[in-house]
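What the coordinates show
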Amino acid sequence: MSTPVAVQPLPRGRVARLVGRRLRDWIPALVVLVVVLVGWQEAYRVLAIKQFLLPKPSAIGSTFWDNRSELLHAGWLTFQEAVGGFAIGSGLGILVALALARWRFVGRAMMPYAIAANAVPIIAFAPIANAWFGDFSKASKIAIAAVLCFFPVMVNTLRGLTSVKPQSLELMRSYAAGEVEIFRRVRIPTALPFMFTALKVASVLAMIGAIVAEYFGGSFSDLGTLIRSQYQVFAYEDAWAGILVACAFGIAFYLAIGLLERLVLRWQPSTSE
Amino acid sequence: MSVVVLEGISKQFGRGGTTAVQGIDLEIDEREFVSLIGPSGCGKSTLLRIIGDLIEPSSGKAVVNGKTARQARVQRDYGIVFQDAVLYDWRNVTKNIALPLELAGWSRKRRQDRVREMMELVELGDFGSHYPWQLSGGMQQRVSIARALSFDPPLLLMDEPFGALDEMTRERLNLELLRIWEQSGSTIVFVTHSIAEAVFLSTRVVVMSSRPGRITDVIPIELPQPRTAVTREQPRFFELVTRVREALHLGAELDRAAAEATG
């Protein structure tokens, strides 16, 4: 027999140990976090920073705790918009990529406009979207998030769909496989790692897009409006607490997509270790 | 009956571009093991792909299993093995072997039985649930061969299948390929760079030369069957290796003469 494998598949029932290892991996990052927070807190004494320029972490923390239900509610609203935009933008991105990979002439016709759309400054587009869909509707926020998600997902998915090795295609041809079979069994699986990379980027972009759109007019209980209005009344701790919540939801979204990636791409060496 | 009949096959890439092969006539009978050998760029891989209808010839006729090459491909009359194993990373060994069976619409039960049979044939042991990245190059090529033979095609096309393997693995797989050829009863067309490999495996060696690719010699290899490790040490084996080497050199000289005449 040939040389046996170097790496065995992960045996089942070792989840606890895996989690333990994950925690150990996180320790350095946690140490950095603690050092930064302590340094930040102490810097006020040493450097005499003005509270309104940069509130103390402890002040942000206690503000968050006092207003946690309002903040989390706002975050949840914004998160829903981000998820909606993400789903629409990424979904369209994947569909367009499939069409472009299937019919090259579509690609030649559409690509310049896709690139142009990506170059539109999103901040300038946000008020326009609000005008189209209504200031207080969720639709305008979803639209902005979708626009931000579309391009990276489309480009990466297309890249994946077209990076199939020529011999893989010859093999499928030798089996007399049709175009649909080739997409289903070769192109799409090949594209999945590319697609997930883009989806992770898009998850964060969706959250940013939703908040930007809210900045230019949103219901009074969402995160963008909350951060803006707190700044206007000089409640900086509250604004910072809002940013903290936005980050937390963004990270949660990112991690959720990462988890999905692990589940879907179980065959990959980097994800099964 | 002839499994492969090529008549006056020529292939030009692009309009007025390079001529890959020219005026190829070749007939391959059932149960033959024919090697195509020649220098890089002599069009041996192109010829193999014309037989498999992966490339269309510019002129000439390719008949496979009594049908046009296209019909033969559509009816899955051949299996193909490349130098690179071309396994799908997201499928484990079992599922890679089962791929052509899925495409042919076999039931799950029938697929499982056949895959088990194939794994035994190529001696893959219990590596069925392993993914390609967990296998050595030799193991990957076994999977590739099992996949090509899984639907029991009458013809097996092999494009330098052992070219990327080390000498030891290569010699072992050569022996295994001969055993598989015996057991499966298929006809094999085998592209290789290696003279020794061609002589050891084949019933006939087709020598090609380049620019344009054409057949310069066809050498029958009448070494006794079945061939074993001892075959490589017999004087007759060395004589045939020398014979093929000389044919290759003669072809190369013809190339040079042709180049000088035109240049």
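Look above for the structure.
Residues numbered from 1 in each chain as written. Chains lettered and ligands numbered in written order. Predicted model: local features only at pLDDT ≥ 70, side-chain atom pairs only at ≥ 80, totals over all residues. Heavy atoms only, no water.

A look at the environment of Gly 91 of chain A
All names here are of chain A.
- Along the chain, the position of Gly 91 falls in helix 3 (residues 68–102).
- Its relative accessible area of 26% is what places Gly 91 among the partly exposed residues.
- For the pair formed by Gly 91 and Ala 145, sequence separation is 54 residues and the distance between their alpha carbons is 12 Å. (Helix = DSSP H or I, 4+ residues; strand = E, 2+ residues; numbered from the N terminus. Buried < 20%, exposed > 50% of the residue type's maximum accessible area, 1.4 Å probe, protein only.)

What about a nonpolar patch on the surface?
All names here are of chain A.
- A surface patch of nonpolar side chains, about 430 Å² in accessible area, is lined by Val 204, Ile 208, Ile 251, Tyr 254 and Leu 255.
- When contributions to the nonpolar patch are tallied by element, the ones reaching two or more residues are helix 8 (179–215) and helix 10 (236–264).
- The dominant element in the nonpolar patch, judged by the number of residues it contributes, is helix 10, at three residues.
- Note on placement: Ile 251 falls in helix 10. (Patch = residues over 30% accessible without salt bridge, like charges linked within 9 Å, V, L, I, M, F, W, Y side chains within 5 Å. Areas by Shrake-Rupley, 256 points an atom, 1.4 Å probe, with all protein chains shown as cover. Salt bridge = Lys/Arg side-chain N within 4 Å of Asp/Glu carboxyl O.)

What to know about the environment of Trp 132 of chain A
- Tracing the backbone through its elements, the reader meets Trp 132 of chain A in helix 5 (residues 122–133).
- A sequence separation of 11 residues divides Trp 132 of chain A from Ala 143 of chain A, and the C-alpha atoms of the two residues are 10.0 Å apart.

Focus on the interface of chain B and chain A
- With 35 residues of chain B at the contact, the number on the chain A side is 28 residues.
- The three residues of chain B that bury the most area against chain A are Trp 90, Leu 103 and Trp 133 of chain B, which together make up 24% of that side's buried surface.
- The tally of links between chain B and chain A comes to three salt bridges.
- Here Glu 170 of chain A makes a salt bridge to Arg 49 of chain B, at a shortest N to O gap of 2.7 Å.
- At the boundary of chain B and chain A, one finds eight residue pairs in polar contact (both at pLDDT 80 or more).
- Of the residues assigned to the side of chain B that touches chain A, the class counts are 18 nonpolar, five polar and 12 charged. (Contact = heavy atoms within 4.5 Å. Buried area = accessible area lost by both parts, 1.4 Å probe. Polar contact = N/O pair within 3.5 Å; in protein donor to acceptor, adjacent residues only side chain to side chain. Nonpolar A, V, L, I, M, F, W, Y, C, P; charged D, E, K, R; others polar.)

Quick word on the packing of aromatic side chains
- Taken as a whole and assessed by the stated rule, the structure comprises 15 aromatic pairs over all chains.
- Judged by centre distance (6.1 Å) and plane angle (70°), the rings of Trp 40 of chain A and Trp 240 of chain A are edge-to-face. With Trp 40 of chain A in helix 1 (residues 15–47) and Trp 240 of chain A in helix 10, this residue pair connects regions lying 200 residues apart in the sequence.
- Trp 40 of chain A sits in the partly exposed class, given a relative accessible area of 23%.
- For the pair Trp 132 of chain A and Phe 133 of chain A, a centre-to-centre distance of 6.4 Å together with 75° between the ring planes defines the contact as edge-to-face.
- Each residue in the set Trp 76, Phe 79, Phe 86, Phe 249 and Phe 253 of chain A is aromatic and connected to the rest through ring pairs, giving one cluster.
- Here Arg 187 of chain A stacks its cationic end above the ring of Phe 183 of chain A, 5.6 Å away from the centre of that ring.
- The residue whose ring lies beneath Arg 110 of chain B is Trp 106 of chain B, and the NZ or CZ to ring-centre distance is 3.8 Å. (Phe/Tyr/Trp six-rings, centres within 6.5 Å; stacked < 30°, edge-to-face > 60°. Lys NZ or Arg CZ within 6 Å of the ring centre and 35° of its normal.)

Focus on the pattern of salt bridges
- Across all of its chains, the model carries 22 salt bridges over all chains by this definition.
- The residue Arg 114 of chain B makes a salt bridge to Glu 117 of chain B at a minimum N-O spacing of 3.6 Å. One end of the pair, Arg 114 of chain B, and the other, Glu 117 of chain B, are both in helix 4 (residues 108–121), three residues apart, so they sit about a helical turn from each other.
- Here Arg 114 of chain B falls in the buried class, since its relative accessible area comes to 16%.
- On the basis of relative accessibility, which here comes to 46%, the residue Glu 117 of chain B falls in the partly exposed class.
- One salt bridge in this structure joins Arg 142 of chain B and Glu 176 of chain B, with 2.9 Å as the shortest N-O distance. Here Arg 142 of chain B, found in helix 5 (residues 137–149), pairs with Glu 176 of chain B, found in helix 6 (residues 167–184); they are 34 residues apart in sequence, far enough to count as distant.
- Overall, Arg 142 of chain B belongs to the buried group, its relative accessible area being 2%.
- Residue Glu 176 of chain B is classed as buried on the basis of its relative accessible area of 9%.
- The network of salt bridges with common partners includes Glu 181 and Arg 185 of chain A together with Arg 91 and Glu 102 of chain B.

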